[in-house]
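Survey of secondary and tertiary structure
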Amino acid sequence: MLETQTMEIPESWRSFLEEEIRKPYFRDLEDLVEKEYQEHVCFPPKDLIFAAFEKCNFDNLKVVIIGQDPYHGAGEANGLCFSVNDGVAIPPSLRNIFREISADLDTIMQPNSGNLEHWAEQGVLLLNATLTVRKDQPNSHKHLPWQRFTDAIIEKIASEREDLVFLLWGGFAQKKGAKIDPNKHLVLTSGHPSPLSANQGKWFGNKHFSSINNYLKSIKKRPN
């Protein structure tokens, strides 16, 4: 079982997630993930499976970005959606995110790393719907009950907190966040930043990043 990983969920999240972690399906999930890591090369490294929670303090939570599953290439995934380790080429979707930030905030953003840990440390939960994947096999862990776990997290955050920003990019994320109450939170939707969607005019110009900053200012939170 992944008891060591569960115990590594930081204190700020542990009490919040305790009820879900104690459910039988989560114990089964731990066993299934352990078996996958024993029999296959899987990402991210086991000590980074819960990195989204480790890097984003629950009490500092301001923004939630929902991704699908980790990058499946060797050395890429670091447990944060859209993020890659230092030294890894910036993926096309993340490069388009940076381009939109530059245009929206009228700044020049040319980062040499796609590591988004600094976003997480500012209160952005970079949550993949599925937290693990086999090497070179995208969506290979979609049969595991990760989505039940992440659905429960999103629902619990949305119901128990107020004035958060949820970024739902693409149909998958929008379906996953369909129950979020827009009267309690700022819910921003657009096409996915992947080249296919972006090149069809569904991503660029969404102005989500200025919208986030304006909203956080309006509720007296520090912009990201």
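Because the structure is predicted, anything quoted here is derived from the model rather than measured.

It is worth spelling out the packing of aromatic side chains at this point. Evaluation of the coordinates by the stated rule reveals 13 aromatic pairs. On the numbers, 5.0 Å between centres and 70 degrees between planes, the contact of W13 with F53 is edge-to-face. With a gap of 40 residues between them, W13 in helix α2 (residues 11–21) and F53 in helix α4 (residues 51–55) connect regions that are remote in the sequence. Accessibility expressed as a relative area gives 1% for F53, which makes it buried. Ring pairing ties together the aromatic residues W13, F16, Y25, F26, F50, F53, F58, W146 and F149, which thus form one cluster. Over the ring of F16 we find K156, and its NZ or CZ is 5.0 Å from the ring centre. Residue placement shows R161 over the ring face of F58; its charged tip is 4.8 Å from the ring centre.

Okay, the nonpolar core next. In this structure, W13, I65, W119, L125 and F149 are the most contacted members of the largest nonpolar core, which totals 64 residues. A per-element tally of this core places helix α7 (residues 146–160) first, with six residues. With residues near it in sequence (within four places) discarded, I65 still touches C81, F82, W119, V124, L125, L126, L127, L167 and W169.

Let us look at the confidence of the model for the protein chain. On average, residues of the protein chain carry a pLDDT of 92, and 95% of them reach 70 or more. Low pLDDT, under 50, characterises residues 1–7; the predicted model gives this stretch 18 contacts beyond four residues in sequence or across chains.

The rules behind the values
Residues numbered from 1 in each chain as written. Predicted model: local features only at pLDDT ≥ 70, side-chain atom pairs only at ≥ 80, totals over all residues. Heavy atoms only, no water. Phe/Tyr/Trp six-rings, centres within 6.5 Å; stacked < 30°, edge-to-face > 60°. Helix = DSSP H or I, 4+ residues; strand = E, 2+ residues; numbered from the N terminus. Buried < 20%, exposed > 50% of the residue type's maximum accessible area, 1.4 Å probe, protein only. Lys NZ or Arg CZ within 6 Å of the ring centre and 35° of its normal. Core = buried A, V, L, I, M, F, W, Y, C linked by side-chain atoms within 4.5 Å. Contact = heavy atoms within 4.5 Å. pLDDT = per-residue confidence, 0-100.

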